Amino acid sequence: GGNWKCNPATQKAAKELIEAWKGTPFDKDKIDVFISPTALHIPVVKEGIEGLGMAVAAQNVSATGFGAFTGEWCAEHLADFGIGWTLIGHSE
């Protein structure tokens, strides 16, 4: 899992990564697994990992709410997609 940064290059590659995790055992009572794909891949990844005991997290969220903020998405947008987690203060 983890932060995919600006990877993978395609939706097909994202689906291949998800397929590789299917059947990988982990104790869902002891560990939370989050995958943070690019914003464009969130729907594909979310659909692919539902039922695997993993969750999708966004890589970023705006400090503002709705408004004229080109390219941003706010917490309410993420919640509408069923995303309850995001990275904050990540390094680059």
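Everything numeric here is computed off the predicted structure, so don't read it as measured data.

A. The nonpolar core, seen in detail. In this structure, I35, V45, I49, M54, V56 and I83 are the most contacted members of the largest nonpolar core, which totals 14 residues. Going through the elements one at a time, α1 (11-21), β2 (33-36), α2 (42-49) and β3 (54-56) are the ones with two or more residues in this core. A per-element tally of this core places α2 first, with 3 residues. In this structure V45 touches W4, A14, I18, I35, P37 and V56, once residues within four positions along its chain are discounted.

B. Representation of the packing of α1 against α2 in the model. For the pair α1 and α2, the least separation of the axes is 10 Å and the interaxial angle reads 25°. Of the possible angle classes, the one that applies to α1 and α2 is roughly parallel. In this structure, α1 meets α2 at a crossing whose hand is right-handed. Along the contact surface, α1 presents Q11, A14, K15 and I18, while α2 presents V44, V45, G48 and I49.

C. Representation of the sheet that holds β2 in the model. Ordered in space as β1-β2-β3, the 3 strands form an open sheet in which the pairing is parallel. Of all the strands in the sheet, just β1 (2-3) and β3 have a single pairing partner and so form its edges. Bridge count for β2 against β3 is 3 bridges, and the pairing is parallel. Each bridged residue has a counterpart across the sheet, and for V33 the counterpart in β3 is M54. Strands β2 and β3 of the sheet are contacted by α2, whose axis makes an angle of about 165° with β3.

D. Structural context of unusual backbone geometry. Cis rather than trans, the peptide bond between N7 and P8 has omega equal to -10°. As for its placement among the helices and strands, P8 is situated in the loop between β1 and α1. Although it is not a glycine, K5 sits at a positive phi angle of roughly 50°. Overall, the relative accessible area of 38% leaves K5 in the partly exposed class.

Parameters at a glance
- Residues numbered from 1 in each chain as written.
- Predicted model: local features only at pLDDT ≥ 70, side-chain atom pairs only at ≥ 80, totals over all residues.
- Heavy atoms only, no water.
- Core = buried A, V, L, I, M, F, W, Y, C linked by side-chain atoms within 4.5 Å.
- Buried < 20%, exposed > 50% of the residue type's maximum accessible area, 1.4 Å probe, protein only.
- Helix = DSSP H or I, 4+ residues; strand = E, 2+ residues; numbered from the N terminus.
- Contact = heavy atoms within 4.5 Å.
- Axes fitted to C-alpha atoms, helices over the stretch in contact; angles between N-to-C directions.
- Parallel < 35°, antiparallel > 145°, perpendicular 65-115°, else oblique.
- Left-handed = near helix turned anticlockwise from the far one by under 90°.
- Pairing = 2+ DSSP bridges.

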